[in-house]
Amino acid sequence: MAEFIRFDRITKFYGSLCVVENLELDIAKGEFVSLLGPSGSGKTTLLMMLAGFEQPTSGDILLDGTAINAVPTHKRDMGVVFQNYALFPHMSVGENIAFPLQMRGMGRAEIAERVARALDMVQLSAFAERRPSQLSGGQQQRVALSRALVFEPRVVLMDEPLGALDKQLREQMQLDIRDLHRRLGLTIVFVTHDQSEALTMSDRVAVFNKGKIEQIGTPRQVYDEPATRFVAEFIGETNLVEGVVEAVQGEEASVRLTSGAHIVSAVSGTVATGQTVYLSIRPERVDLTEIRGGARNCLETEVTDSVYQGDHLRVQLHNAAHPLIAKLGRRSREFPPGTKVFAGFSASDCRVIAP
Amino acid sequence: MPMKLTKFAFASLAILFLVAPLIAILPLAFTSSVILTYPIPSWSLRWFEELFTADAWRRAIVNSLIIGSGTTLLATVLGVAASLGLRNRLIFFRGTMRTLFLLPMVVPAVVLGVGLQVLLAGFGLTNSYAGVIIAHTVVAVPFVVVSVTGALAGIDERVELAAQSLGASPTTVFRRVTLPLAMPGVLSGAVLAFATSLDEVVLTLFVAGPNQRTLARQMFSSLRENISPAIAAAAFLFIAMTLLIGLVVVLSRSFLAKRR
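The rules behind these values
Residues numbered from 1 in each chain as written. Chains lettered and ligands numbered in written order. Predicted model: local features only at pLDDT ≥ 70, side-chain atom pairs only at ≥ 80, totals over all residues. Heavy atoms only, no water. Axes fitted to C-alpha atoms, helices over the stretch in contact; angles between N-to-C directions. Helix = DSSP H or I, 4+ residues; strand = E, 2+ residues; numbered from the N terminus. Parallel < 35°, antiparallel > 145°, perpendicular 65-115°, else oblique. Contact = heavy atoms within 4.5 Å. Nonpolar A, V, L, I, M, F, W, Y, C, P; charged D, E, K, R; others polar. Pairing = 2+ DSSP bridges. Buried area = accessible area lost by both parts, 1.4 Å probe. Salt bridge = Lys/Arg side-chain N within 4 Å of Asp/Glu carboxyl O. Polar contact = N/O pair within 3.5 Å; in protein donor to acceptor, adjacent residues only side chain to side chain. Domains from an automatic or database assignment. Left-handed = near helix turned anticlockwise from the far one by under 90°. Buried < 20%, exposed > 50% of the residue type's maximum accessible area, 1.4 Å probe, protein only. Core = buried A, V, L, I, M, F, W, Y, C linked by side-chain atoms within 4.5 Å. Patch = residues over 30% accessible without salt bridge, like charges linked within 9 Å, V, L, I, M, F, W, Y side chains within 5 Å. Areas by Shrake-Rupley, 256 points an atom, 1.4 Å probe, with all protein chains shown as cover. Phe/Tyr/Trp six-rings, centres within 6.5 Å; stacked < 30°, edge-to-face > 60°. Lys NZ or Arg CZ within 6 Å of the ring centre and 35° of its normal.

(A) Representation of the packing of helix α2 (residues 46-53) of chain B against helix α3 (residues 55-87) of chain B within the structure. Residue and element names in this part refer to chain B. Where α2 meets α3, the closest approach of the two axes is 5 Å, and the angle between their N-to-C directions is 70°. Here α2 is positioned roughly perpendicular relative to α3, judged by the angle of their axes. Contacts between α2 and α3 involve E50, L51, F52 and T53 from the first element and D55, W57, R58 and I61 from the second. Class assignment of the residues belonging to the contact of α2 with α3 gives a composition of four nonpolar, one polar and three charged.

Here you go:
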């Protein structure tokens, strides 16, 4: 994979506070990469450095092979979309979108044509004369988006652009942006703290924690094969169960839980026999049966609570040493509290994580 | 209900207290008598005539306009520049710097006057328009700084960052985004600067020569010489001018606001 954007050992200090630490990240042309993490994890700072609003304390940012540390923001040719849209309140929607084109010295006729096309793309042609304050949040977001795309920038940066929208609109915009990315072949770096947003839209997700990338991979990789405890807990919901490795065989490890039960689990990193580890088991991969089923792993448990949540049934279980949560599909039968059940899951639905 | 009534009565009294001096002086502008006292024998515009025909008064009005415009221009430019500088978070002792800019508001005018006279004499600027404009600018800048920093604080920094990312150089960002957005504050600051200059007496006493007598200064000295109703007419003119400027600002602000 030929890298288009490269963060080469980037470190950023604010005073004595280290917000990004010796970070390496490569992004390919046309790729959609999400920087996902809790607030204060350094993801936004990294984006601000790429845009040129902040300077790294050390390290280089390379674009297409050349370091751009010394290039000022207005010469970087990157479209930025902010969470609060950051539209120019004193200009009309049309003037907002024309702004980057005027900055590039384009002729009036061409600007008018391009603005019309950009407005058409986001279905806002009727609103060209309006002020941003006269538009709804979703419409403003679409204006901000087309303003950042109209000059065909080399990279599009988005800083939690959908954070202020309500859930339905947000999900629609996610699909719209994903569609734009595919149609126009854009390179997009997208900052979010919403894991489902990152999974929905991205080619790859970089999970940030405390100024470092904990894991980078496809949505499927970070969800199904979390490399660290942080990733497992931050993306989706998971059961973390402590145990000791008894044997490792190829891609699988046998782990003895504190309750004495044995679990066979998939391994992604390297673990040694005798090591204390965590097992990550996704709640929706757990099946409940009243008689011991055929699943590779089976834990004897008792139902402590069960909550109907529309699209799934959420069952809390207790087994001698640890609580467990299972999410069951809508066709599942009810499990009243006190029912003795077996919780079964395959080895590949379970992951060993070194603590 | 009695509470409401009390509030209303208090408000009326407070307003009356504030405008009573104006109410006292304004009718005297239209007296036909030669002395500045009540009762008014009959109504006349003779003192306005005097104002616009007597050489001393006419020159004073022109001087006030020249010095007022000069001060407004200089104070606005300096005040806007200072406010922009004070925005920079990296500046050392930002709070102290800001206080320094506001100092002329609280320092006794007499102290400033003496200091300015000594200073301007050193540059040979006493008894010149430039000297008076500089002196007035010193006391006018704080008003511009207060008003413009307030307006700048209301601008979302990310709007300016967005402009940069869209290809605008720092000067273009200022011209196309920052300045238009801060314009209401700049306008208010400019008007306050003009009003300050119009009203300024103490500094003018120290640094102005006989050729730079302003309207306020002329009123002040004619008070000592002979208390003629021309002073009341000048006061009327003063208030009319101030109200007019105030009106212009209010109108232009609402015009700017409507464009948002």
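Next comes the rest of the write-up.
(B) Representation of the sheet that holds strand β16 (residues 297-308) of chain A in the model. Residues and elements named next belong to chain A. Strand order across the open sheet formed by five strands is β15-β19-β16-β17-β18, with antiparallel pairing between neighbours. Taken across any chain shown, the strands that pair with only one partner, and hence form the sheet edges, are β15 (287-289) and β18 (322-328). Mean inter-strand twist for the sheet, computed between neighbouring axes without regard to direction, equals 45°. Pairing of β16 with strand β19 (residues 340-345), which is carried by six bridges, proceeds in the antiparallel orientation. Its bridge partner lying in β19, T301 is registered against V341.

(C) Focus on the interface of chain A and chain B. Tallying the contact residues gives 23 residues for chain A and 20 residues for chain B. Roughly 2000 Å² is buried in total at the junction of chain A and chain B, and carbon and sulfur atoms are behind 65% of that figure. Considering only the surface of chain A that becomes buried against chain B, H74(A), H90(A) and M103(A) emerge as the three largest contributors, covering 29% of it. Between chain A and chain B we count zero salt bridges in total. Remark: the boundary between chain A and chain B carries four residue pairs in polar contact (both at pLDDT 80 or more). The set of elements that each furnish at least two residues to the side of chain A that touches chain B consists of β6 (78-81), α2 (93-103) and α4 (137-149) of chain A. Among the elements that line the side of chain A that touches chain B, the one with the most residues is α2(A), at four residues. Residues of the side of chain A that touches chain B, tallied by class, amount to 14 nonpolar, six polar and three charged.

(D) Looking closely at the domain arrangement of chain A. Residue and element names in this part refer to chain A. For chain A, the assigned domains read domain 1 (3-231) and domain 2 (240-353). Here the C-alpha centroids of domain 1 and domain 2 sit 39 Å apart. Each partner contributes residues to the interface: domain 1 has eight residues there, and domain 2 has nine residues. Per-residue buried area on domain 1 facing domain 2 is highest for Y223, P226 and R229; these three make up 67% of the total on that side. The interface formed by domain 1 and domain 2 includes one salt bridge. As a salt-bridge pair, D224 and R285 come within 3.2 Å of each other at their nearest N and O atoms. Counting the contacts that link domain 1 with domain 2 gives four residue pairs in polar contact (both at pLDDT 80 or more). The element contributing the most residues to the side of domain 1 that touches domain 2 is helix α7 (residues 219-224), with three residues. Of the residues assigned to the side of domain 1 that touches domain 2, the class counts are four nonpolar, one polar and three charged.

(E) Up close: the packing of helix α7 (residues 157-165) of chain B against helix α8 (residues 170-199) of chain B. Residue and element names in this part refer to chain B. Running from N to C, α7 and α8 point in directions that differ by 160°, and their axes come no closer than 10 Å. Here α7 is positioned roughly antiparallel relative to α8, judged by the angle of their axes. Along this stretch, α7 crosses α8, giving a crossing that reads as right-handed. Here V159, E160, A163 and Q164 of α7 come into contact with α8, specifically with V173, V177, T178 and L181.

(F) Spatial organisation of the pairing of β6(A). Residues and elements named next belong to chain A. With burial as the criterion, each face of β6 is covered, one bearing M78 and V80 and the other bearing G79 and V81. As paired strands, β6 and strand β7 (residues 155-159) are joined by four bridges and run parallel to one another. Considered in β7, the bridge of M78 is made with V155.

(G) Layout of the nonpolar core. In terms of nonpolar packing, the biggest core is built from 94 residues, with I5(A), F7(A), L35(A), L46(A), L157(A) and V189(A) touching the most fellow members. Looking at this core element by element, the count peaks at seven residues for helix α6 (residues 129-153) of chain B. Ignoring anything within four residues of it in the chain, the contact list for I5(A) reads L25(A), D26(A), I27(A), L50(A), L62(A), L63(A), V155(A), T187(A) and V189(A).

(H) Main features of a nonpolar patch on the surface. Side chains of L13(B), I15(B), L16(B), F17(B), L18(B), V19(B), L22(B) and I23(B) sit close together on the surface and give an oily, nonpolar patch of about 820 Å² of accessible area. Inspection of the secondary structure puts L13(B) in helix α1 (residues 2-25).

(I) Region of the structure containing the packing of aromatic side chains. Here the structure, examined in full by the defined rule, presents seven aromatic pairs over all chains. Seen in terms of ring centroids, F30(B) and F236(B) are 5.2 Å apart; in terms of plane orientation they differ by 80°. Their pairing is edge-to-face. Of this pair, F30(B) sits in the loop between α1 and α2 while F236(B) sits in helix α11 (residues 230-258), and the two are 206 residues apart along the sequence. Taken together through their ring pairs, the aromatic side chains of F30(B), F48(B) and F236(B) make up a single cluster. Here the guanidinium or amino end of R147(A) rests over the ring plane of F88(A), the centre of that ring lying 4.6 Å away. The ring of Y223(A) has R282(A) lying over it, and the distance from NZ or CZ to the ring centre is 4.0 Å.

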